[in-house]
Amino acid sequence: MDLREDSRNLTEEVASLASLPAKVDVEASVEKQEKLSKDVYRMTLKAPSIALRSRPGQFVQVGIKQGAALLRRPLGLAEVDTMNGNIVLNYRVLGRGTEALSRLCPEDMVQVLGPLGHGFTVNPAKPLLVGGGMGLSPLLYYAKWLSARKVDVDIMMGGRTAEELFWQKDFAACTKNIYLTTDDGSLGTKGYVTALLPQILTGSNYDRVVVCGPEIMMKNVYEVCKQKLVPCEVSLERRMGCGLGACLSCSIDTLSGRRKVCKDGPVFPAEEVFF
Ligand code: FES
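The rules behind each value
- Residues numbered from 1 in each chain as written.
- Predicted model: local features only at pLDDT ≥ 70, side-chain atom pairs only at ≥ 80, totals over all residues.
- Heavy atoms only, no water.
- Helix = DSSP H or I, 4+ residues; strand = E, 2+ residues; numbered from the N terminus.
- Rg over C-alpha atoms; globule rule 2.2 N^0.38 Å.
- Buried < 20%, exposed > 50% of the residue type's maximum accessible area, 1.4 Å probe, protein only.
- Contact = heavy atoms within 4.5 Å.
- Axes fitted to C-alpha atoms, helices over the stretch in contact; angles between N-to-C directions.
- Parallel < 35°, antiparallel > 145°, perpendicular 65-115°, else oblique.
- Left-handed = near helix turned anticlockwise from the far one by under 90°.
- Salt bridge = Lys/Arg side-chain N within 4 Å of Asp/Glu carboxyl O.
- Phe/Tyr/Trp six-rings, centres within 6.5 Å; stacked < 30°, edge-to-face > 60°.

**Observations concerning the overall build of the chain**
Inference 1: Each helix and strand counted, the chain has eight helices and 15 strands in total.
Inference 2: In summary, the chain has a C-alpha radius of gyration of 18 Å against a globular reference of 19 Å for 275 residues, a match within 12%.
Inference 3: Relative to its full complement of 275 residues, the chain shows a buried share of 52%.
Inference 4: The long-range fraction of contacts in the chain, counting pairs at least 24 apart against all pairs at least 6 apart in sequence, stands at 63%.

Here it is, written out as structure tokens:
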């Protein structure tokens, strides 16, 4: 079965079983705001109706009031706690919108539309996750989700320096093996993830590599997977306007024609993507 079809079916199945629309647009309160590193933040929102519908790899559009306008930013889900109705979003402060998000305090309200898009394959047997930068954020939700379903998950994370790999402690609780690479060799293997990946895949029984990070990393990881005959899926990031498939701002060309990252992705089988 097509990878996207697979995850799409489950999302739609769950939503229809509960007789719920697949996404909602709700007001959510900020529960917690933490600073994880120099410019990366973690925000917890109380949004039970979104938590209930979410799957790993999906994202939400978070809207904050800027004067009379509602400024929306797409953010991948980093964790979902259905018991408490919380969703967790990690983000790097890069501009006006994320700067405004970082100033929010507990009890402030935001508008949240989601969950949006189609997520990761829901039933891998032995996945290797590969991530870098903020791409590690959606992989964290995926690793926790799989681990809760008794799937052994390994993660390979790459960063420029040891400082960028602060995610280790988050992944330690939900993964079996953690492989680290840094460009400067300050932690783990020196070099990019592709310096280590061929040897990790050789003789392994991984049935899937799931990669999320800078596009060049995804492209190079896919090249290694192709050589090693391991299926690979990628989570793409594009500028997004509506998040709903209406504005075409996130369109990409793929082997199967023009697709919208917000609606047809953000997760795609790597072989479909023209990197
Ligand atoms: Fe508007 Fe994708 S963001 S079509």
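**Things to note about the packing of helix α6 (residues 193–201) against helix α7 (residues 215–228)**
Inference 1: Their axes nearest at 10 Å, the elements α6 and α7 cross at an angle of 20°. Considered as vectors, α6 and α7 are oriented roughly parallel to each other. Considering the relative orientation of α6 and α7, their crossing is right-handed. Residues Val193, Thr194, Leu197, Pro198 and Leu201 of α6 touch α7, and the partners they reach there are Met217, Asn220, Val221, Val224, Cys225 and Lys228.

**Quick notes on the pattern of salt bridges**
Inference 1: Tallying each qualifying case throughout the model produces 13 salt bridges.
Inference 2: We note a salt bridge from Arg103 to Glu99, for which the minimum N-O separation is 3.0 Å.
Inference 3: Judged by relative accessible area, Arg103 falls into the exposed class, the value being 52%.
Inference 4: A single network of salt bridges, built from pairs that share partners, joins Arg259, Asp264 and Glu272.

**Observations regarding unusual backbone geometry**
What is expected of a backbone is that most residues other than glycine have negative phi and most peptide bonds are trans.
Inference 1: Of note, the bond from Gly114 into Pro115 is cis; its omega dihedral lies within 30 degrees of zero at -5°.
Inference 2: You can see Pro115 is positioned in strand β6 (residues 109–116).
Inference 3: Going from Gly265 to Pro266, the amide bond is cis rather than trans, its omega being 10°.
Inference 4: In this fold, Pro266 is placed in the loop between α8 (261–264) and β15 (267–269).
Inference 5: Even without glycine at this site, Lys150 takes up a positive phi of about 65°.
Inference 6: With respect to the helices and strands, the residue Lys150 is situated in the loop between α4 (136–148) and β8 (154–159).
Inference 7: Judged by relative accessible area, Lys150 falls into the exposed class, the value being 76%.
Inference 8: At Leu248, a residue that is not glycine, the phi angle is positive and equals roughly 70°.
Inference 9: Mapping Leu248 onto the fold places it in the loop between β12 (232–235) and β13 (251–254).
Inference 10: A residue is classified by how much of its surface remains accessible, and Leu248, at 52% relative accessible area, is exposed.

**Some remarks on the packing of aromatic side chains**
Inference 1: Per the stated rule, a full pass over the model turns up four aromatic pairs.
Inference 2: Arranged with centres 4.9 Å apart and planes meeting at 20°, the rings of Phe166 and Trp167 form a pair that is stacked. Of the two residues, Phe166 and Trp167, both sit in the buried class.
Inference 3: Considering the side-chain rings of Tyr222 and Phe275, the 6.3 Å spacing of their centres and the 40° angle between planes classify their relative orientation as tilted. With Tyr222 in helix α7 and Phe275 in the segment after β15, this residue pair connects regions lying 53 residues apart in the sequence.

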